[in-house]
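These are the residues of each chain, in order.
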Amino acid sequence: MWKKDNINLVFIIFILIIAVFLRFLHFFDLPFMWDEMSAWHRLHFPSLNELIEKGIKPDGHPAGVQVFLYHWTMLFGDKEWVVKLPFALMSVSSVYILYRIGSIWFGEKSGLFAASLLATQQFFILYGTIARPYGSGLFLTLLMALFWSKYFFRGFGIKDLVLYVLFSALAAYNHHFSLLFAAIAGLTGLFLIPREQLKYYILAGVGIFIIYIPHLPIFFAQLQIGGIGGEGNWLSKPSPDFTWQLIYWAFQYSIPVMLLSLAFLAYSVFAQRDSIEKRMAKTLVLILWFSLPLAIGLYYSIYINPVIQYSVLIFSFPYLFLLIGSRIEKMNPYMFFPTLVLIIALNIYQLIVVRQHYTIMISQPFEVTASIIHEQNDKNRQTFAIYNSIPEYQFYYCNKYRLDKSSFLSVYNQNYDFRKFDNLVSQIKENYVLSSALPPEFVAIIESHFPFLILSKNAYTSEHYLWSRIESDSSLRRKPHLVIDFDKKIKGLNAAPNRIVESQSGVKCFEFKENQEWGFTFKDSLALLGFKHGEIIDLVAQISSDTNQLNATWVCQFKADSLPEIWRGKPTQITPSGKNPIYTTFHSLDTRILIKPKDWNNYIFTTYFWNKNHDSFKIENIRIYRQPANPIRYGLFEKIDD
């Protein structure tokens with residue numbers, strides 16, 4: 001019979017093989033994500049000094065990863081797999097390092113349990129295959145923790161202390177939260193260090209600070225930025241259930257894996273009572289290492305400036321795994337190993353099938369946009385692409401596919417209003433237009449000029465639609481889900497009969513005169529209207545007016561008892577519809593952002609026009625369209641709807 005050490009060795013090799021497989025599956029097909037494109041864009045400076053001044057200080061991240069990428073790409077090029085490779089290798093190595101840490105602290109079963117979760121959970125696979133400071137920070141902080149552990153639990157060797165200093169300093173250069181974690185780890189050591197070793201440990205702390213001194217000018221410059229949240233920035237304050245949502249997401253929304261992990265935790269708590277006092281110090285350290293970065297991040301984000309995201313907690317999260325498996329060393333191997341195999345199998349299934357991880361990762365907007373245009377070129381269909389991202393990011397993929405950049409137009413931060421965008425679209429000479437990641441109202445404007453849908457493709461954070469002027473066997477023309485007009489009685493429509501008049505063309509309209517601020521309302525429940533959660537509701541109104549400068553507000557509301565009222569008002573920026581004086585205006589509602597699934601059937605939908613400036617105009621009709629939900633739009637960080 002094999003010895004226990006042989007079984008553990010085989011099992012850690014098995015886990016590492018799985019870790020390699022999951023990180024390198026589709027690896028050479030992985031495009032850059034937005035954050036990676038940002039880092040890539042900030043590499044193109046002629047000198048290291050200019051990189052620091054223009055590419056690092058304004059960004060908010062420490063210099064370590066950006067300086068590394070600057071030299072790495074200079075040596076090996078900037079293909080996606082080349083840039084990602086070091087981070088993927090560090091991610092695989094992190095699995096083994098965590099196993100070593102667990103083995104030192106509690107025993108090999110603890111290390112195997114923690115390593116199996118690190119190897120198979122989306123949290124670590126996602127950040128292990130993108131060229132950002134999260135996978136690298138995990139690698140560096142784990143190495144720091146490894147040599148910290150060897151120093152404290154294996155005899156206070158000077159070599160271990162020196163390596164602890166080195167990797168603590170590198171972690172400080174990697175990310176501000178990996179710096180925070182290194183500081184927390186260092187401070188907890190002060191409560192464990194024997195008196196005779198205290199001076200060496202304090203000198204180690206001084207050494208870490210000395211190594212970090214060259215980075216202080218960058219740190220203080222970035223401190224002035226303030227953060228990525230608050231007014232004018234994109235990150236909001238964390239919700240009250242942030243901690244639960246983090247754990248639920250990290251375990252891939254898998255109730256079976258969470259229950260099995262709780263079973264391991266229960267075994268650790270109740271099956272080894274005789275060793276609780278002996279291991280209390282280690283348990284408290286793990287609790288602090290997991291919870292303090294989370295608590296500090298939450299406090300700072302709520303009371304000062306939002307900074308906390310799932311990504312920044314990757315450095316501390318593995319210690320929850322060690323805490324769960326802290327006292328499982330005496331667990332029967334006939335129970336332990338099959339259960340661990342079951343957890344691994346469930347995690348892999350959840351990752352690939354339920355979470356659709358690889359489908360999402362290879363469906364990034366820049367790559368999808370370029371690939372569709374490339375396919376169109378192969379069919380000799382000249383296509384104009386309108387996209388919503390920084391041009392330099394998209395041009396990386398134009399170069400990759402050897403595409404003509406003159407047929408690409410970015411609306412990113414261009415402040416196009418409806419009229420300006422409508423005028424732009426009306427001047428396109430090509431017969432095909434690709435709309436990539438555009439606001440729904442802009443998609444509706446394109447559709448008004450190019451009415452035939454050739455292709456729709458979902459991507460992460462975006463939808464892509466290929467439109468044509470020319471009808472073909474494969475094209476579709478969207479049909480409205482509901483039409484609100486005024487020549488017949490419609491359920492939910494409340495319109496005063498004396499304000500329904502005929503237009504010059506004989507169409508029944510609802511009239512607003514200059515002294516009339518309010519008019520008709522349309523109201524019905526979302527469930528009865530037939531809408532589904534996650535869909536985008538597109539509304540298109542035909543307006544008859546003697547002027548193209550209306551200032552009315554088109555309002556859409558969602559109301560429900562005991563739930564927050566949702567109000568969305570949009571100025572009626574009208575665009576010519578081809579028959580003067582008829583104009584078109586648009587409104588769109590992304591229901592996945594606005595309403596939680598559990599509240600969907602409780603809400604009543606209402607729409608109306610608020611003529612606050614007392615203009616004179618007539619509403620001919622409102623057409624309401626359903627845009628199918630994109631299940632992977634937020635799929636990396638939210639539960640994917642069935």
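Residues numbered from 1 in each chain as written. Predicted model: local features only at pLDDT ≥ 70, side-chain atom pairs only at ≥ 80, totals over all residues. Heavy atoms only, no water.

I'd like a rundown of the overall build of the protein chain, residues and numbers included.
Within the protein chain one finds 24 helices and 17 strands. Expressed along its principal axes, the backbone C-alpha trace of the protein chain runs to roughly 95 × 55 × 50 Å. Residues counted as buried form 54% of the 642 residues belonging to the protein chain. Contacts in the protein chain between residues far apart in sequence, at least 24 positions, make up 77% of those at least 6 positions apart. (Helix = DSSP H or I, 4+ residues; strand = E, 2+ residues; numbered from the N terminus. Buried < 20%, exposed > 50% of the residue type's maximum accessible area, 1.4 Å probe, protein only. Contact = heavy atoms within 4.5 Å.)

Break down the packing of aromatic side chains for me, citing the residues and quoting the values.
Enumeration over the complete set of coordinates arrives at 74 aromatic pairs. When the centroid spacing of 5.2 Å and the interplanar angle of 75° are considered together, the rings of Trp34 and Tyr393 count as edge-to-face. With Trp34 in helix H2 (residues 34–41) and Tyr393 in helix H20 (residues 391–401), this pair connects stretches of sequence that are 359 residues apart. Overall, the relative accessible area of 33% leaves Trp34 in the partly exposed class. (Phe/Tyr/Trp six-rings, centres within 6.5 Å; stacked < 30°, edge-to-face > 60°.)

Just give me the short version of the packing of helix H9 (residues 158–174) against helix H10 (residues 176–189), but keep the residues and values in it.
Across the interface, H9 lies against H10 with an axial gap of 6 Å and an inter-helix angle of 145°. Residue-level contacts link Tyr164, Ser168, Ala171, Ala172 and Asn174 of H9 to Ser178, Leu179, Ala182 and Gly186 of H10. Looking at the contact of H9 with H10, its residues break down into five nonpolar, four polar and no charged. (Axes fitted to C-alpha atoms, helices over the stretch in contact; angles between N-to-C directions. Nonpolar A, V, L, I, M, F, W, Y, C, P; charged D, E, K, R; others polar.)

So what about the pattern of salt bridges? Which residues, and what values?
Throughout the structure, instances matching the rule amount to 17 salt bridges. Measuring nitrogen to oxygen at the nearest pair gives 3.4 Å for the salt bridge that ties Asp59 to Arg42. Of this pair, Asp59 sits in the loop between helix H3 (48–56) and helix H4 (64–76) while Arg42 sits in the loop between H2 and H3, placing them 17 residues apart in sequence. Classification of Asp59 as partly exposed rests on a relative accessible area of 22%. We classify Arg42 as buried; its relative accessible area is 13%. The residue Arg626 makes a salt bridge to Glu535 at a minimum N-O spacing of 2.8 Å. You can see Arg626 sitting in strand S17 (residues 617–627) and its partner Glu535 sitting in the loop between helix H23 (526–529) and strand S11 (536–544), a full 91 residues away along the chain. Residue class for Arg626 comes out partly exposed when judged on its relative accessible area of 27%. Glu535 gets classed as buried once you look at its relative accessible area, which sits at 6%. Linked by salt bridges that have partners in common, Glu80, Glu367 and Lys400 make up one network. (Salt bridge = Lys/Arg side-chain N within 4 Å of Asp/Glu carboxyl O.)

Describe in detail helix H13 (residues 242–250), supporting the description with residues and values.
Note on helix geometry: an α-helix contains 3.6 residues per turn, so any two residues three or four positions apart are oriented the same way. When we look at burial in H13, the residues that qualify are Phe242, Leu246, Tyr248, Trp249 and Ala250. Where H13 terminates, the next one or two residues include Gln252, which has phi positive at roughly 60°.

Help me get a handle on the environment of Leu25, residues and values and all.
Turning to its location among the elements, Leu25 is positioned in the loop between helix H1 (4–24) and H2. Separated by 171 residues in sequence, Leu25 and Glu196 place their C-alpha atoms 50 Å apart. For Leu25, the contacting residues outside a window of four places in its chain are Ile352 and Tyr358.

Please give an account of the nonpolar core that cites residues and values.
Core analysis: the biggest nonpolar cluster contains 141 residues, and Trp289 and Phe317 have the highest contact counts within it. Examining the composition of this core, we find that 13 residues originate from one element, helix H8 (residues 133–153), more than from any other. Judged by nonpolar contacts, the second largest core, of 36 residues, contains Trp554, Ala560, Leu594 and Phe609. (Core = buried A, V, L, I, M, F, W, Y, C linked by side-chain atoms within 4.5 Å.)

Describe empty space enclosed by the protein, with residues and values.
Counted by the stated rule, this structure contains three cavities of 30 Å³ or more. Within this model, the largest cavity holds a volume of roughly 60 Å³. Per-class residue counts for the lining of the largest cavity are four nonpolar, two polar and four charged. Its boundaries defined by the atoms lining it, the second largest cavity holds a volume of some 60 Å³. Lining the second largest cavity are Arg42, Gly55, Ile56, Asp59, His61, Pro62, Val65, Gln66, Arg132, Pro133 and Asn174. Among the residues forming the lining of the second largest cavity, the class breakdown is four nonpolar, four polar and three charged. (1 Å grid on protein atoms, 1.4 Å probe; cavity = no way out; pocket = protein on both sides within 12 Å on 5 of 7 lines; lining within 4 Å. Points joined across faces, edges and corners; volume = space filled by probe spheres on them.)

Pulling in residues and values, what's your account of the sheet that holds strand S3 (residues 432–436)?
Taken in spatial order, the five strands line up as S2-S1-S3-S5-S4 in an open sheet, and their pairing is mixed. Of all the strands in the sheet, the pair left with one neighbour each is strand S2 (408–410) and strand S4 (452–459). Between one strand axis and the next, the sheet turns through 15° on average, direction left out of account. Looking at chain direction, S4 and strand S5 (residues 462–468) are connected through seven bridges and run antiparallel. Note that in S5 the partner of Leu453 across the bridge is Trp467. Strand contacts of helix H19 (residues 365–378): strand S1 (383–387), S2, S3, S4 and S5, with the helix running at about 20° to S5, the strand carrying the most contacts. (Pairing = 2+ DSSP bridges.)

Pulling in residues and values, what's your account of unusual backbone geometry?
The phi angle at Asn380 is positive, at roughly 60°, despite the residue not being glycine. The residue Asn380 is located in the loop between H19 and S1 in this model. The phi dihedral of Thr461 falls on the positive side, at around 70°, and the residue is not glycine. Relative to the assigned elements, Thr461 resides in the loop between S4 and S5.

Please give an account of the pairing of S1 that cites residues and values.
The buried fraction of S1 is high, at five of five residues. With burial as the criterion, each face of S1 is covered, one bearing Thr383, Ala385 and Tyr387 and the other bearing Phe384 and Ile386. Across five bridges, the pairing between S1 and S3 is parallel. Considered in S3, the bridge of Thr383 is made with Tyr432. As paired strands, S1 and S2 are joined by three bridges and run parallel to one another.

Let's hear about the side chain of Arg592: which residues, and what values?
Mapped onto the elements of the fold, Arg592 is located in helix H24 (residues 591–594). Classification of Arg592 by relative accessible area gives buried; the value is 12%. There is a polar contact of 3.1 Å between the side chain of Arg592 and the backbone oxygen of Lys639. In this view, Arg592 contacts His533, Gly534, Asn630, Pro631, Tyr634, Glu638, Lys639 and Asp641; residues no more than four positions away in its chain are not counted. (Polar contact = N/O pair within 3.5 Å; in protein donor to acceptor, adjacent residues only side chain to side chain.)

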